[in-house]
Structures are given as structure tokens and as C-alpha cells.
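# Structural features, examined
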Amino acid sequence: MDSHTKLHPKVKSAITSIKQKIIEGWSVAIGLSGKDSFVTTHCAIEALKQAIDEGYKVSPMSIYTIDTSIDNFEIMDFMLDVHQSIDDYANSHQLPIQTEVLKPHLMTRPMVQYLGRGLLLRTAQNQNNGRQCTSVWKIKVLEDHLRRLENSLGTSKVLSISGVRDSESSIRAINIKKRGESIDVVTKTCIGYKLAPIKDWSLSDVWSLISFIEDGEIESFGEDVVTDLRKHYAAGNYGVCDLLAGSSAGQSKPCSARFGCTLCAIVPKDNSLINQIETNEEKYGYMRGVAELRNFMLHSLNDFNLSRNSVGKQIDKDGNVKLKYNDYSIEFRQSLLRMALTLDAIEQERTDNPKFQLVDYSTLIAIQWNWAIEGGEGSFGSAIKIWHDVHTNGERYPIPCIEMTPAKKNLTARYVSISKLLESENPKGLEMTSEEKSKYQPHAIYSDEGVIHTMPYFTSDKTQVVEGMGWEYIECIYTHYESEGLTKDDSVCPTAIIKDLMQRGIVTVQSSNLNRLNERVKRAQAINAIKARGGDIESYLLLNSSDTPIKHEIEESFQSELF
């Protein structure tokens, strides 16, 4: 007799619903991230096994975990153990299951966005349309994965099964209803076909199934890992995991800890992470520094003078840029990089098997690339220099403990011309120098202004750092430049690293973006020229604007809002 017959009818209903879809020819994809998806995965694997036992031909099942690179590190490490358990179970039962860890494209990962591009720490206040970070770091990753599955399987019948539940929150229930997700009816959504087999489960239902698995009353892939699952949730829930809590007043909180990204502040306080650390310092204490970095980023968010740029990055069709506090300044990003690298170094000193690395070689190259094309970093390869300060020279940069800066009025957005700066500095962008032309065969970039001859470059479908090539540049090539004095040579513009990375094939670029890249490099070169003379780009723009009324309006705005 099937051991699942003793379970709650909801469990049998979920298994039956998934099995029917498998029998109908759907290929199932499941995202594994926590307790709800754990029990959903159990039901899906059991459904697959039953369908095979009944003699049906089945499609492969995909079980994946999305690693944004800043997820709760202990939970992510645990998920890798779960993947291994699934692999072992699938092999022993000859089940067509493939497990994968998926990651966002490097240029969109959190540390590249925060430290490289200067995008602000995510909060509920600065996310204009829901959780934009979720769209970039998770939903886009899932969409790409589902398209790859469709292409590899040669079918559009790929069914994404989720562990969403109505009872998680009223907002979650509303969103599930909006998407039309159902327990047993396939729904077409904007990201593909979906099914929500545990939609009507309570928290108690989830933990009841986990208890059955933990007690060995039913067979499951999770037999060897389920106890650790409970321990992690207990640690995030004040050290307890009370299945009956919440049913009456006066009882402790239910075992419903929610683990999110460590460096995200959509929720003002990461209680689960804090509870983990305070419950078991020995096991979870290594994440304390990351929690402190999150607090520093959150508390300094409204300290405009400390953390923000006041000059916009985009040039409009009239040659103007916006003056208003917006993204993180280069100087603040440099400080954040020092802190993040320090946390990495401390973690590497703590153990031979680090649980996290916020900034690896590829991430550092991506950060450096973004700094170089923005301008203002001050010296050639400054991000790589900071890396060596920490990892080679042993410098450590503690995270300041500061009070939350209250929200305050930003500058009124004003526009001022940058055309005069570009005309006076006459930057060359990606165009080759005479010395470069004597060493390399020129490559052409075609634009409305004619042909630009630049260094050799390699193209790809999007700008990316080639995996595995960053370490040599950071560890060897940069240190050679440093020994030759090139990194301290004021005559070497920091943007020179862009052409160097391109011609070495370390960064590949999208051919359709080369003109835009050339224009951005010109702007960066002009900004670098002002900074090399000890100037400030904001002051320069204000004093040299050809549009006097706009300039005065900006000056008055600065006076009235800053003082």
C-alpha cells in the first residue's frame, strides 16, 4: 500500500494533480528555495515516480534553485545539500530529474548593480512597480530557464509548479488570485504555464508533511536533510518551531520564518537573519558582518552628501544632464567595495570552505568596467587596486555603525547642458591612439559621424565578463601595470582599461551597443579630465552652462534645499 494514503487529503490531492499533468505530457519545473517548495518538490517527485510505476511515458523534471549571490548563505548552502539528496534519490529510483542552480546574468547581479552601477539598496520606497529586484534577479532568470527547457525538449508544454500558498499573507493571496493560479488547472501567465498544487495548504499542513518525512513514516528524497530544514527555520524563528502556534492567543509565533536576500531592504528589518545569528552565534554568526553592511547601506540611504551622485548619467537629445541626487556616488561605491571585500577576506580567514564571496574575480571586473565607463574614479583600475589593498596587502575596512538618516526632500530636478564640457575636452572615446595603431590591427565602429577605428574587440549577445578570465587580469596583468607605474600615471585616463579589457577578450560587448559605449566613454573621459585638474563636475556644469536661466534656477534650488 502507498505510504501516502495515511496523509492528509491535501497531500494526496497535490500529488494527484501533478501526476495528472505529467501523464498529460507536461514537463514539470519546480523552484526550490524553502519549506513550501520543499514539500511541493516532494509531491512532484512522488507524482513522477507513481506515473512511471503505472507505466506512463514521462518527460524530464527540472528542479532548480535561483542563487542571486546575496541570498541567506546558510539556506543557500542547505539547498545545495537538498539538490544532492534529490540527485541521489533520482539515481536510485531511475527518475528523469535534473537539478540546477541558476544565477542572474553577471551584469545584473546585486553586487554589480550596487557597487558597479551605483543602484540604490532596494527598499519598498524606491521600488516603483513592486519588487523590481525580484523581476531582475529571479523572474528574468526563471523566464530564461523555461525558454531553454522549451527549446531543449522541443515543446511548449513546460509547466512551472510553485509552492505559493494563499495563507502566507493577504497580499500573496491577492496576487495568486490575480494570476489565476489553481490547484489542479493549468494557468497561462506572463512567464508561462503555472500550477499551484499547495495553494490551499495552511502552515500546519506544510509542517505536518515535513514531520511525516522526518519521522520516517513515508519515503522521500528529503529523509536525510529534513531535520536540518527544521533547524534552520527554528533558528530564524526565535529558536523554536511550534507547529501549533498561532491557533490561539498567547502562543509563540508559528514556524514561518522567511529568508530573503541579505542585502535587500524591501522589509526594513531582516528578522529571520537576526534571529539566526542571535539564536546560534557559532553556526550563523559569520553572517553578522553582512547584516551590518545592510544596515549601513540602509541607514546612509538618505544621507545625500555621503552616498549620492548629484549629476545624472543620461544625456538627453538636447545635450543636457539632470541634476538631482540619484544613484550612489563613485566615492561611496569605493567605500562599499572596501567593506564588502573585507567581509570576504574575514570569511576566507574563518574557514577553508567559505559560505559566501560577495565579490569574486568576475564581479570585480564587472564593477571596474562600470566605474570606467561612468567616469570619476580617479585612477586607472581603482576597483582592482582596492581588491589588492584588501586581499594582497591585508588592509581591513570596518563597517561604520550609524543612525538612520531620516528621509528628506531631494533637489528639484533641473537640467543643465554638458555639451560645452564635451566640446572643450574633445574626448576621443574608443578611438585608437597613434601608439595603439602601431601595435594592433584596427577594428571599425560605424556611426552617424563616420567610422571610428578602435582596438580589436570580441562581441556577444550582451556585454559580459568571460568566465574564468578575470583572475589573470587582476592577479597578473594589473600587478604588471602597477610595477611599471602605469596605474599612477596621471597621463593614463582610467577609461584606458575599457579598451584593454575588450581587446584581451575579457569583456565581450554587444555590437549594437558599441556606438552608445563610445559616447559613454567620451563623457567619462571629459569627467576624468575635470577631476584630474582638481575640479568637480557638478560645479563645472553649473558655472559653464550656456543656459543662464537654467543655471540660476539650479543654483537657487541648491541654496534653498541644502541650507
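Here the structure is a predicted model, which means the values were calculated and not measured.

### Some thoughts on the pattern of salt bridges
Should their charged atoms come close, side chains of opposite charge can pair. On inspection of all chains with the given rule, the structure shows 28 salt bridges. The partner of lysine 49 in a salt bridge is glutamate 46, and the shortest N-O contact between them spans 3.6 Å. Taken together, the residues span about one helical turn, with lysine 49 and glutamate 46 both in helix α2 (residues 35-53) at a distance of three residues. You'll find lysine 49 and glutamate 46 in the same group, each marked buried. Residues participating in the shared-partner salt-bridge network are Glu74, Asp77, Lys283 and Lys355.

### Some thoughts on the packing of helix α7 (residues 203-214) against helix α8 (residues 226-235)
The interhelical angle for the contact between α7 and α8, taken along N-to-C directions, is 135°, at an axis separation of 9 Å. On the basis of their axis angle, the class for α7 and α8 is oblique. Residues Trp207, Ile210, Ser211, Ile213 and Glu214 of α7 form the contact with α8, whose own contacting residues are Val226, Thr227, Leu229, Arg230 and Tyr233. Tallied by class, the residues present in the contact of α7 with α8 amount to six nonpolar, two polar and two charged.

### Observations regarding helix α14 (residues 361-374)
With 14 residues, α14 extends 20 Å between its outermost C-alpha atoms, agreeing within 8% with the 20 Å of an ideal straight helix rising 1.5 Å per residue. Among the 14 residues in α14, 13 count as buried, and that is most of the element. One or two steps after α14, the chain reaches glycine 375, where phi turns positive at roughly 90°.

### So, the confidence of the model for the protein
For the protein, per-residue confidence averages 89 on the pLDDT scale, and 91% of positions sit at 70 or higher. The low-confidence segment residues 244-252 (pLDDT under 50) makes nine contacts with residues lying over four places distant or belonging to another chain.

### Description of the packing of aromatic side chains
Taken as a whole and judged by the stated rule, the model has 13 aromatic pairs. Considering the side-chain rings of phenylalanine 73 and phenylalanine 356, the 4.8 Å spacing of their centres and the 25° angle between planes classify their relative orientation as stacked. Here phenylalanine 73 is found in helix α3 (residues 73-93), whereas its partner phenylalanine 356 is found in the loop between α13 (330-350) and α14, with 283 residues between them in sequence. Taken as a pair, phenylalanine 73 and phenylalanine 356 share a single burial class, namely buried. Arranged with centres 5.0 Å apart and planes meeting at 40°, the rings of tyrosine 328 and phenylalanine 332 form a pair that is tilted. This pair shows no difference in class: tyrosine 328 is buried, exactly as phenylalanine 332 is. One residue, lysine 283, lies across the ring of tyrosine 284, its end atom 5.8 Å from the ring centre. The ring centre of tyrosine 397 lies 5.8 Å from the NZ or CZ of arginine 338, which sits over that ring.

### Details of the packing of helix α4 (residues 110-117) against α13
Where α4 contacts α13, the axes come no closer than 8 Å and their chain directions differ by 135°. By the angle between their directions, the pair α4 and α13 is classed as oblique. Facing Met111, Tyr114, Leu115, Gly116 and Arg117 of α4, the residues of α13 in contact are Arg333, Leu336, Leu337 and Ala340. Along the lines of polarity and charge, the residues of the contact of α4 with α13 split into six nonpolar, one polar and two charged.

### Structural notes on the sheet that holds strand β3 (residues 97-102)
Here we have six strands laid out as an open sheet, ordered β3-β2-β1-β4-β6-β5, and mixed in their pairing. The sheet is open, and its two borders are formed by β3 and β5 (187-189), each paired with just one other strand. Along the sheet, successive strands turn relative to each other by an average axial angle of 30°, direction set aside. One ladder, built from three bridges, connects strand β1 (residues 27-31) with strand β2 (residues 61-66); its direction is parallel.

Conventions and cut-offs
- Residues numbered from 1 in each chain as written.
- Predicted model: local features only at pLDDT ≥ 70, side-chain atom pairs only at ≥ 80, totals over all residues.
- Heavy atoms only, no water.
- Salt bridge = Lys/Arg side-chain N within 4 Å of Asp/Glu carboxyl O.
- Helix = DSSP H or I, 4+ residues; strand = E, 2+ residues; numbered from the N terminus.
- Buried < 20%, exposed > 50% of the residue type's maximum accessible area, 1.4 Å probe, protein only.
- Axes fitted to C-alpha atoms, helices over the stretch in contact; angles between N-to-C directions.
- Parallel < 35°, antiparallel > 145°, perpendicular 65-115°, else oblique.
- Contact = heavy atoms within 4.5 Å.
- Nonpolar A, V, L, I, M, F, W, Y, C, P; charged D, E, K, R; others polar.
- Expected span 1.5 Å × (residues − 1).
- pLDDT = per-residue confidence, 0-100.
- Phe/Tyr/Trp six-rings, centres within 6.5 Å; stacked < 30°, edge-to-face > 60°.
- Lys NZ or Arg CZ within 6 Å of the ring centre and 35° of its normal.
- Pairing = 2+ DSSP bridges.

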